Amino acid sequence: EPEVTQTPSHQVTQMGQEVILRCVPISNHLYFYWYRQILGQKVEFLVSFYNNEISEKSEIFDDQFSVERPDGSNFTLKIRSTKLEDSAMYFCASRTYRVNEQFFGPGTRLTVL
Amino acid sequence: QQQVKQSPQSLIVQKGGISIINCAYENTAFDYFPWYQQFPGKGPALLIAIRPDVSEKKEGRFTISFNKSAKQFSLHIMDSQPGDSATYFCAADSGNQFYFGTGTSLTVIP
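It should be emphasised that the depicted structure is a prediction, and the values quoted were computed from it without experimental measurement.

Rules and cut-offs
- Residues numbered from 1 in each chain as written.
- Chains lettered and ligands numbered in written order.
- Predicted model: local features only at pLDDT ≥ 70, side-chain atom pairs only at ≥ 80, totals over all residues.
- Heavy atoms only, no water.
- Helix = DSSP H or I, 4+ residues; strand = E, 2+ residues; numbered from the N terminus.
- Rg over C-alpha atoms; globule rule 2.2 N^0.38 Å.
- Buried < 20%, exposed > 50% of the residue type's maximum accessible area, 1.4 Å probe, protein only.
- Contact = heavy atoms within 4.5 Å.
- Areas by Shrake-Rupley, 256 points an atom, 1.4 Å probe, with all protein chains shown as cover.
- Lys, Arg positive; Asp, Glu negative; His and termini not counted.
- Charge placed at Lys NZ, Arg CZ, Asp CG, Glu CD.
- Phe/Tyr/Trp six-rings, centres within 6.5 Å; stacked < 30°, edge-to-face > 60°.
- Lys NZ or Arg CZ within 6 Å of the ring centre and 35° of its normal.
- Disulfide = S-S within 2.5 Å.
- Buried area = accessible area lost by both parts, 1.4 Å probe.
- Polar contact = N/O pair within 3.5 Å; in protein donor to acceptor, adjacent residues only side chain to side chain.
- Nonpolar A, V, L, I, M, F, W, Y, C, P; charged D, E, K, R; others polar.

S.K.: Looking at this structure, I do not really get the overall build of chain B. What am I missing?
M.R.: Within chain B, the secondary structure is distributed over zero helices and eleven strands. In chain B, the succession of helices and strands from N to C terminus is β-β-β-β-β-β-β-β-β-β-β. Here the C-alpha radius of gyration of chain B, 13 Å, is about what a compact globule of 110 residues would show, namely 13 Å. Taking the principal axes of its C-alpha atoms as reference, chain B extends roughly 40 × 30 × 20 Å. The burial tally for chain B puts 44% of its 110 residues in the buried class. Pairs at least 24 apart in sequence give 51% of the contacts found in chain B among residues at least 6 apart. With the model as given, the accessible surface of chain B reaches about 5200 Å², and the carbon-plus-sulfur share is 48%. The distance from the centre of the 9 positive side-chain charges to the centre of the 8 negative ones in chain B is 3 Å.

What follows is the structure, encoded as structure tokens:
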């Protein structure tokens, strides 16, 4: 069964460093998302991406964040200068056209020291 | 503004019992209401979902009840099993994003 994959599973970085989180959505999906989950809290929407552009973004997704689909398979989230409060689990999700269900990846745990 | 409110925060149920988790939403434009199950260290996985034109949906031991006028929906887990112990999130789809509830940690005691 096709699934969303994410790498790395765990990323440790120093405050102020740039990180890139990578996702490979399900191959025929057209809509891509990033969510984050701070430990013990709810899943929060960051950004949605369709047709090579951002569809919607939340207040969390400020100028330090960017997304890119560099090729036909990868979908990346970049945080330019990480802060301590960026420490969270980051989930990528994707869905196909005219179907609401979003399929979530296993997540990347980001730890900012 | 919290678009989706979920309760209870935690729930302990005996094996074989019924687990009930409730959610309420604000925006009447939401058109899809999924429930996700999450095990520690894993991503959320879709459990069951409903659209607002249906009042109930059942899949195996899992049932969603939907009350459009009250803007509420609930998940019922019948014959709860220890393997159901997980965190459950309700969500509502605006078309561009899912708004998640705060989650319910379910523990099923053998």
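S.K.: Can you walk me through the packing of aromatic side chains in this structure?
M.R.: Aromatic ring pairs are defined here through the distance separating the ring centres and the angle between the ring planes. In total, this model carries 27 aromatic pairs over all chains according to the counting rule given. Geometrically, the ring pair formed by Trp35(B) and Phe73(B) is edge-to-face, given 5.7 Å between the ring centres and 65° between the ring planes. Of this pair, Trp35(B) sits in strand 4 (residues 33–38) while Phe73(B) sits in strand 8 (residues 72–77); the two residues are 38 residues apart in sequence, bridging distant segments of the chain. Trp35(B) sits in the buried class, given a relative accessible area of 0%. Across the ring face of Tyr31(A), the terminal group of Arg95(A) is positioned such that the distance to the ring centre comes to 3.9 Å.

S.K.: How do you make sense of the state of the cysteines when you look at a structure like this?
M.R.: One way to say it: the disulfide is the covalent bond shared by the sulfur atoms of two cysteines. This structure, assessed with the given rule, holds two disulfides over all chains. The disulfide bridge from Cys23(A) ends at Cys92(A), spanning 1.9 Å between sulfur atoms. On the sign convention where negative is left-handed, the bridge of Cys23(A) and Cys92(A), at about -60° about the S-S bond, is left-handed. Of this pair, Cys23(A) sits in strand 3 (residues 19–24) while Cys92(A) sits in strand 9 (residues 88–95), and the two are 69 residues apart along the sequence. Taken as a pair, Cys23(A) and Cys92(A) share a single burial class, namely buried. Sulfur-sulfur distance for the disulfide between Cys23(B) and Cys90(B) comes to 1.9 Å. Taking the torsion about the S-S bond as the criterion, the Cys23(B) to Cys90(B) disulfide, at about -95°, is left-handed. Remark: Cys90(B) occurs in strand 9 (residues 86–93) and Cys23(B) occurs in strand 3 (residues 19–25); sequence separation between them is 67 residues. Its relative accessible area of 3% is what places Cys23(B) among the buried residues.

S.K.: Please clarify how unusual backbone geometry should be interpreted in this entry.
M.R.: Most peptide bonds take the trans configuration, and most residues that are not glycine carry a negative phi. Note the cis peptide between Thr7(A) and Pro8(A), where omega equals -10°. Here Pro8(A) lies in the loop between strand 1 (5–7) and strand 2 (10–13). The amide bond that connects Ser7(B) to the next residue, Pro8(B), takes the cis arrangement and shows omega of -5°. Tracing the sequence through the fold places Pro8(B) in the loop between strand 1 (4–7) and strand 2 (10–14). Phi at Asp79(B) takes a positive value of approximately 45°, unusual for a residue other than glycine. In this structure, Asp79(B) sits in the loop between strand 8 and strand 9. By relative accessible area, which is 39% here, Asp79(B) ends up partly exposed.

S.K.: Which parts of the structure should I look at to understand the interface of chain A and chain B?
M.R.: Many descriptions give the size of an interface as the accessible area lost when the pieces come together. Each partner contributes to the interface: chain A provides 19 residues, whereas chain B provides 21 residues. Across the chain A/chain B interface, buried area totals approximately 1600 Å², and carbon plus sulfur atoms make up 49% of it. Considering only the surface of chain A that becomes buried against chain B, Lys42(A), Asn100(A) and Phe104(A) emerge as the three largest contributors, covering 35% of it. Scanning the region where chain A abuts chain B turns up eight residue pairs in polar contact (both at pLDDT 80 or more). Contributions of two or more residues to the side of chain A that touches chain B are made by strand 4 (31–37), strand 5 (43–50), strand 6 (53–57) and strand 9 of chain A. Partitioning the side of chain A that touches chain B into residue classes produces eight nonpolar, seven polar and four charged.

S.K.: I tried to follow the side chain of Gln38(B) on my own but got confused; where do I start?
M.R.: Counting through the fold element by element, Gln38(B) comes out in strand 4. For Gln38(B), a relative accessible area of 9% puts it in the buried group. A polar contact of 2.9 Å, which involves the side chain of Gln38(B), links it to the backbone oxygen of Lys42(B). When residues no more than four places from it in sequence are discounted, the contact partners of Gln38(B) are Gln37(A), Phe91(A), Gly43(B), Pro44(B), Ala86(B), Thr87(B) and Phe89(B).

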